[in-house]
Amino acid sequence: DSQQFSSDADDMRFFGSVGVRLSSQFAHIDNSAENELLDIHRMRHVVEPYMTLWAAYSNVSPADLPIYDQSVEPLAQGEAIEMGFLNTWQTYRGGAGEWNSVDVFTLDTAVVFTSTEEQGSPTPQFFDYRPEYSQFGNHVRARGIWLFSDSLAFSGEGIYDINDELIARGSIGTELRHTPLLTTFIEYRFIDASHNELLDIGWKYQLTPKYQVAVGPQWDFQADDLRSLNFKLTRTFPDFEFTLGVNYDQIRDDTSVGASLNVAEF
């Protein structure tokens, strides 16, 4: 019996974690800010410093486990600290009788230090909402969104790997709302480790109040060819959305079909 218990204990995995998140908020209001070109009427700057402390222990190293499920086997362990600032600039837009507050520019910057030098991925990432899914490695993260107008927006994100002294991944994109029914977006992104450079272009069109269609080709700069073409049809119901998607990958020469249900928030 004792031998059987020892065998079962060797096959048992224990994982535990503990963490805390601290944050504060400061604001400054400038009622004299006015710029017709940028559609700025008054300005409120909100600064939110934050810090996340997290630690986890497991009796089994993730390196010893074959990965069948990304949310189970490769859980991060060790200690991590994230320190950052979330800056939000708010203004009023809309005109007489329709004034509303808008986050015209948002910039989130943070630095992350981890206890281990071994990175589970060449692209480190830290997810403060689920730190165990993070890819450890010292890095700096920055992401921003600029609402140039009610119909035009720009966004960008980048991760700088402190250990290897390089930009591990980055993206930049824009979204243009032509009409309440038609939207176009363009995004360029790259990953240094795999030398991936992709350009996504897409269109979303509201066919009817209940049906929306989205089409998007993707260009692969590394292969110098059209990588894929995807199509999505979404049907809206009172309590959920049903989406049917078809994706054709030209490089791999295969076609996949998928469906999903998104429950409406209460």
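This text goes with the structure placed above it.
To start, this report covers the structure provided alongside it. (Residues numbered from 1 in each chain as written. Predicted model: local features only at pLDDT ≥ 70, side-chain atom pairs only at ≥ 80, totals over all residues. Heavy atoms only, no water.)

### Quick notes on the overall build of the protein chain
A tally of regular secondary structure across the protein chain gives one helix and 14 strands. Taking 2.2 N^0.38 as the reference for a compact globule, 266 residues should give roughly 18 Å; the C-alpha atoms of the protein chain span a radius of gyration of 23 Å, well beyond that estimate. Projected onto its principal axes, the C-alpha positions of the protein chain cover 80 × 50 × 40 Å. The buried share of the protein chain, taken over its 266 residues, is 24%. (Helix = DSSP H or I, 4+ residues; strand = E, 2+ residues; numbered from the N terminus. Rg over C-alpha atoms; globule rule 2.2 N^0.38 Å. Buried < 20%, exposed > 50% of the residue type's maximum accessible area, 1.4 Å probe, protein only.)

### Re the side chain of Thr 183
You can see Thr 183 is positioned in strand S9 (residues 182–191). Apart from residues no more than four positions distant in its own chain, Thr 183 is found in contact with Glu 175, Leu 176, Arg 177, His 178, Gly 202, Trp 203 and Lys 204. (Contact = heavy atoms within 4.5 Å.)

### Considerations on the pairing of strand S5 (residues 100–114)
As judged from the 14 bridges shared by strand S4 (residues 78–93) and S5, these two strands associate in the antiparallel manner. In the strand pairing of S5, Thr 88 is matched with Thr 106. The turn joining S4 and S5, which pair antiparallel and follow one another in sequence, is formed by six residues; a positive phi near 125° is taken by Gly 94. In this sheet, strand S6 (residues 139–147) lies alongside S5 in antiparallel orientation, the contact comprising eight bridges. Directly across from Thr 106, in S6, lies its bridge partner Ile 145. (Pairing = 2+ DSSP bridges.)

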